[in-house]
Amino acid sequence: MLRTHTCGELRETHVGQEVTICGWIDTYRDQGGVLFLDLRDRYGKTQVVFSTNNDPALLELSKTLRQEWVIQVVGKVTARPEGTKNPKLPTGDIEVRTSKLTLLNKSVTPPFTPGQRDLPGEDLRLKYRYLDLRRQEMQQTLILRHRIVKEMRDYFDEHNFLEVETPMLGRSTPEGARDYLVPSRVHPGKFYALPQSPQLYKQILMMAGYDRYVQVARCFRDEDLRADRQPEFTQLDLEMSFVTADDVMGIIEGLVARVAKKTLGIDVPLPLPRMTYDEAMERYGHDAPDRRFDLEIVDATDLAAKCDFRVFRAAAEAGERVRGLNAKGAAEKYSRKTIDEITEWVKHDFGCKGMAWFKVEAGGTLASPIAKQFSAEQLAEFATRFKAEPGDFIVFIADKFEVTCKALYGLRKKFGVELNLYDPKAMNFSWIIEFPMFAWDEESKTWAAMHHPFTAPRPQDIEMLSTDPGKARAVAYDLVINGSEAGGGTIRIHDQETQSKVFGLLGIDEATARERFGFLLDALQFGAPPHGGIALGIDRWIMLFGGLDNIRDCIAFPKTQKAADMMTEAPGTVDLKQLRELSIKLNQ
RNA sequence: GGGGACGUAGCUCAAUUGGUUAGAGUACCGGACUGUCGAUCCGGUGGUUGCGGGUUCGAGCCCCGUCGUCCUCGCCA
């Protein structure tokens, strides 16, 4: 070892010892006759001192050192003189008086330094990721990530789970997200696909009798990115045999409580609250509601049906919904101009025809440009329904149910942030259960699996698969943390008959099913046990437990919004020779 | 694919709403300083205003295109 100690561990108890430490020069303070520098490594910072009293030649040498150079220092740990201790540093009571200095490596002048006050732009951070990762915040996040993943592995090990690796090179299935494809050299014209999740493999493992499987699994989806979405991400994937949904949720709840306790020191009361999908859509307009604050959607379709305002009445009569939100005390915050901007936003982003709104005046009456189109009694009814109080700001969306959900979900989120409706440090965990089996896809005019095609319907809904597929509910459960989908799973179909029926509804004929999932259908015939599981989005867990608002900050080497790596400049071009070997010809 | 924001010194930002030689802090280079810790003080180097067109007497600022980063809708079984 080139060092006896790290830069984070020396304390007053080490005073008098001769130590050797290595690290990067964080900052230096040249005072002429004495020079201080903070030596930094992963573990912390330690002040190193050079002075004329000590060794004038060494002091001269130290004056040539610059930021981010890597040095080795041999010296004696000494207590800092009274009045010069630095309470901001854990090592601030001591310093190292240097007797030997070795320059291990120089650095060119870096574009930014880990300690600088203003964070550089994200593109620069990503290009020089090795400098960015030297920052304490990034280190803390990666350490948190390590701790959470280790906690998960320990937990599942204690609960008798086996970690089994599944292939990265699989076959493409057109369902779901777009695949990342890998051309096969040996099979010209054929392609592997990187896994979107290890779904089928883990089900096969259940059929193979490995009744508790877990894996920290990398997954790939070639879809457009978001603040919380990367093209490659990591799931804590698990599957269990001979279990009910309650069993799977119970295991996960134990994990949630343990991780929350160990990382944030908070006690999560169990069991976690559960809400059905339908209820979540009614109350919050979304299947992953942020329940750190109330502000629930209020339905007023019945009042709309009998009111004089044509827009409302027409919507209600057309079978649409008229729903709204009461942003308590927000009337003054939103000016006419701002409201117009919000209206444009909901029209553009969610396809609403418009947004009606009222401000509640001192006397409790509803004021709005459209108020005169209602009778006083009607206004009073709406006011009562929304529990209107002076100063409140009430917005309405009259549209198809799905549109009201999207718009009101968006508005609720906006109000939550802008009106400070929640403590940003609060953590809220809940389950959303009983998702629909299918969603109608307007484009292809077919039913599409809401989760995936192997999801088991509730036993009492099996009949509905044939009669009313849209009403059938799945044995499915999503873990929601602070309005973010932090995990999702289902009990799977384990008999071939139900599986065939579901494939049929999804427009997958028998031949196609055989071609794509033949191995699964075969396996189902060889004694498949009842089984189910869940996958947790590890990157999102790190975001949530780390209080971060960006998934890139949770990943050592993330990709930009256009799925590029700014450091390696992937994706890149390849030689014609490589393409020829793969029997691939480009279109230009 | 659609909408929006941003792009000025190595870095973080400013530049009177189109007007003289594009500024500041920091970094970097040189100098001073024996207890600093965001050290301080003095001096200095540093600019294709992302790129390409256009409008104008005159463009960092206006217009068109393009590239990049971010946010967002679609998309993400």
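As shown above, the structure is provided for reference.
Everything in this summary refers to the structure shown in the same document. For every chain, the first residue of the written sequence is number 1, and numbering continues from 1 along that sequence. Labels follow written order: the first chain is A, the first ligand is 1, and so on. In keeping with the model being predicted, local features are shown solely for residues with a pLDDT of at least 70 and side-chain atom pairs are shown and tallied solely at 80 or more, while totals for entire chains, interfaces and linings include all residues. Note: side-chain values were computed over all heavy atoms of the structure, leaving out hydrogens and water.

1. A closer look at the pattern of salt bridges
Thought 1: Here, a salt bridge means any side-chain nitrogen of Lys or Arg that lies within 4 Å of a carboxyl oxygen of Asp or Glu. Applying the stated rule across the entire model yields 54 salt bridges.
Thought 2: Between Glu158 and Arg258 there is a salt bridge, with the nearest N and O atoms lying 2.8 Å from each other. Here Arg258 lies in helix α6 (residues 245-264) and Glu158 lies in helix α4 (residues 136-158), a separation of 100 residues in the sequence.
Thought 3: Among the salt bridges present, the one from Asp237 reaches Lys202, with a minimum N-O distance of 2.7 Å. Of the two residues, Asp237 sits in strand β10 (residues 232-241) while Lys202 sits in helix α5 (residues 199-207), which places them 35 residues apart along the sequence.
Thought 4: Here's how the labels work: a residue is buried when its accessible area is under 20% of the maximum for its type, exposed when over 50%, partly exposed in between, all with a 1.4 Å probe on protein chains only. The class for Lys202 is buried, based on a relative accessible area of 1%. Helix and strand assignments come from DSSP, with helices taken as H or I runs of at least 4 residues and strands as E runs of at least 2, each series counted from the N terminus.

2. Considering the side chain of Arg321
Thought 1: Considering the arrangement of structural elements, one finds Arg321 in strand β13 (residues 321-327).
Thought 2: Overall, Arg321 belongs to the buried group, its relative accessible area being 19%.
Thought 3: The definition of a polar contact used here is a pair of N or O atoms within 3.5 Å, where within protein one atom must be able to donate a hydrogen and the other to accept one, and adjacent residues in sequence count solely through side-chain atom pairs. A distance of 2.7 Å separates the side chain of Arg321 from the side chain of Glu282, its partner in a polar contact.

3. Looking at unusual backbone geometry
Thought 1: Following Leu270, the chain continues to Pro271 via a peptide bond in cis, the omega torsion being -5°.
Thought 2: Among the structural elements, Pro271 can be located in the loop between α6 and β11 (274-276).
Thought 3: Going from Ala570 to Pro571, the amide bond is cis rather than trans, its omega being 0°.
Thought 4: Located in the positive-phi region is Phe242, a residue other than glycine, with phi close to 55°.
Thought 5: The residue Phe242 is located in the loop between β10 and α6 in this model.

4. As for the protein's contact with RNA strand B
Thought 1: Here a residue is considered near a molecule or strand provided that any single heavy atom belonging to it is located within 4 Å of it. The full set close to RNA strand B counts 56 residues, and Thr84, Glu95, Arg117, Ala449 and His451 are the nearest of them.
Thought 2: In the interface set of RNA strand B, defined as its atoms within 4 Å of the protein, sugar plus phosphate atoms amount to 50%.
Thought 3: One nitrogen or oxygen atom from the side chain of Glu223 is found 2.6 Å from a sugar or linking oxygen belonging to RNA strand B.
Thought 4: Counting residues per element, the ones that place at least two in the surface near RNA strand B are β1 (18-30), β2 (34-41), β5 (94-105), α2 (122-127) and α10 (336-350).
Thought 5: Three classes are used: nonpolar for Ala, Val, Leu, Ile, Met, Phe, Trp, Tyr, Cys and Pro, charged for Asp, Glu, Lys and Arg, and polar for all others, with Gly counted as polar. Counted by class, the surface near RNA strand B contains 14 nonpolar, 21 polar and 21 charged residues.

5. As for the nonpolar core
One recurring pattern in soluble globular proteins is that nonpolar side chains are buried together.
Thought 1: Remark: nonpolar core denotes a set of buried residues (Ala, Val, Leu, Ile, Met, Phe, Trp, Tyr, Cys) joined through side-chain atoms within 4.5 Å. Counting residues in each nonpolar core, the largest one holds 75 residues, and the members touching the most others are Phe156, Ile252, Leu479 and Trp541.
Thought 2: Note on contacts: a residue pair qualifies if any of its non-hydrogen atoms lie within 4.5 Å across the two residues. The residues touching Trp541, leaving out its near neighbours within four places in the chain, are Ile148, Met152, Leu255, Val256, Val259, Leu479, Ile481, Ala486, Leu536 and Gly546.
Thought 3: The next biggest cluster of nonpolar side chains, apart from the first, holds 25 residues, and it includes Val298, Leu303, Ala315 and Ala371.

6. Some words on the packing of α4 against helix α16 (residues 538-545)
Thought 1: Orientation of α4 relative to α16, taken along the N-to-C sense of each, is 120°, at an axis distance of 10 Å. Judged on the interaxial angle alone, α16 and α4 are oblique. As for the relative orientation of α4 and α16, their crossing is right-handed in sense. Of the residues in α16, those in contact with Thr141, Leu144, Arg145, Ile148, Val149 and Met152 of α4 are Ile538, Asp539, Trp541, Ile542 and Phe545.
Thought 2: Residues of the contact of α4 with α16, tallied by class, amount to 8 nonpolar, 1 polar and 2 charged. What counts as an axis is a line fitted to C-alpha atoms, over the stretch in contact for a helix, and the angles between N-to-C directions run from 0 to 180 degrees. Throughout this description, any angle smaller than 35 degrees is read as roughly parallel, any larger than 145 degrees as roughly antiparallel, any in the 65 to 115 degree range as roughly perpendicular, and the remainder as oblique. Handedness of a crossing follows from how the near helix is turned relative to the far one, being left-handed for an anticlockwise turn of less than a right angle and right-handed for a clockwise one.

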